[in-house]
Amino acid sequence: MTTVLSIAGTDPSGGAGIQADLKTFAAHGCYGMCVITALVAQNTVGVRAVQPASSELVRAQMDCVFEDIFPDAVKIGMLTSRDIADVVADGLEAWKARRIVVDPVMVSSSGRRLLSEDAVSVLTRRILPRAALVTPNIPEAEVLSGTTIACRADMEHAARALQRTLGCAVLVKGGHAAGGADDVLCDGDALQWFCGARVENSNTHGTGCTLSSAIACALGQGHTLSESIDAAKRYLTGALRAGLDLGRGNGPLDHLYAMKNM
């Protein structure tokens, strides 16, 4: 069985973070594991409090996983602080982790900052050069690239610039753009667009976590990067179209929608 590890924060409402990742792993027939970087009090309305784990505990969790059930792929989400980012980078290097997909969780959908500025430098210098892929949305890509993104050409420019700077493949997600849900991948010198219809569903809590986790699953199962992104986008579209409606705010996806027909 394909084994996939999530290194991320929690979501007690179950729509994002570790909880969303584990559901996504299960939906893809993978064995999911997790390293918790922070306890987050959040729901569909917003983030209420964040309690980072100690860096010592994060490293101990990583060692426990890697020494016993080595993951075929790793998804990285919320890192919170420089200390945690550094210890995660140390662990990835020490264990020679492979097929790493990074969702650069910087700001919550409600506007709360989830990654300190000094942690961003660790992410870009130590973690992303080891990654197979980073999946910034448009606001995150603007922060990482220092550019403004207003159209498809801007997305392409940012993807190229980030790929050169970060040393890994970059998928700039267009979900924040008006009118579509098209993403652009820069892998080396090549650009590839992945087009998708915008689903009329305001319940999009955890879409970034879900997409990156689905990509990690497919990579761990031996698919190419392009195949993995394409499959992950189709899975995410299905989870949105299932029309789950929970919570008073930006509700979660139906991660296990396909199992209803089993």
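These lines cover the structure that appears in this document, whether it is placed above or below.

What counts as what
- Residues numbered from 1 in each chain as written.
- Predicted model: local features only at pLDDT ≥ 70, side-chain atom pairs only at ≥ 80, totals over all residues.
- Heavy atoms only, no water.
- Helix = DSSP H or I, 4+ residues; strand = E, 2+ residues; numbered from the N terminus.
- Contact = heavy atoms within 4.5 Å.
- Buried < 20%, exposed > 50% of the residue type's maximum accessible area, 1.4 Å probe, protein only.
- Pairing = 2+ DSSP bridges.
- Salt bridge = Lys/Arg side-chain N within 4 Å of Asp/Glu carboxyl O.
- Core = buried A, V, L, I, M, F, W, Y, C linked by side-chain atoms within 4.5 Å.

1. Regarding the side chain of K173
Relative to the helices and strands, K173 is located in the loop between strand 7 (169–172) and strand 8 (183–187). Not counting chain neighbours up to four residues away, the residues in contact with K173 comprise D103, T135, P136, N137, I138, M155, D182, D183, G208 and L211.

2. Digging into the pairing of strand 8
Burial within strand 8 is extensive, with four of its five residues counted as buried. Pairing of strand 7 with strand 8, which is carried by three bridges, proceeds in the antiparallel orientation. When the sheet's bridge partners are listed, L171 is paired in strand 8 with L185. Relative to strand 9 (residues 190–194), strand 8 is paired through five bridges, and the arrangement is antiparallel. Residue pairing for strand 9: V184 is matched across the bridge by W193.

3. A few points about the pattern of salt bridges
On inspection of all chains with the given rule, the structure shows eleven salt bridges. For R82, the salt bridge goes to D86, with nearest N and O atoms at 3.7 Å. Separated by four residues within a single helix, R82 and D86 lie in helix 3 (residues 82–95), roughly one turn from each other. A relative accessible area of 34% means that R82 is categorised as partly exposed. Ionic contacts of the salt-bridge type, sharing partners, join the residues R82, D86, D90, E93 and R126 into one network.

4. Digging into the nonpolar core
I7, I76, L79, V88, L92, V102 and I127 are the most contacted members of the largest nonpolar core, which has 45 residues in total. It is helix 3 that contributes the most residues to this core, six residues altogether. Excluding residues that lie within four positions of it along the chain, V102 makes contacts with I76, L123, I127, L128, A131, L133, V134 and T135. In this structure, F25, A73, A214 and Y235 belong to the second largest nonpolar core, which totals 25 residues.

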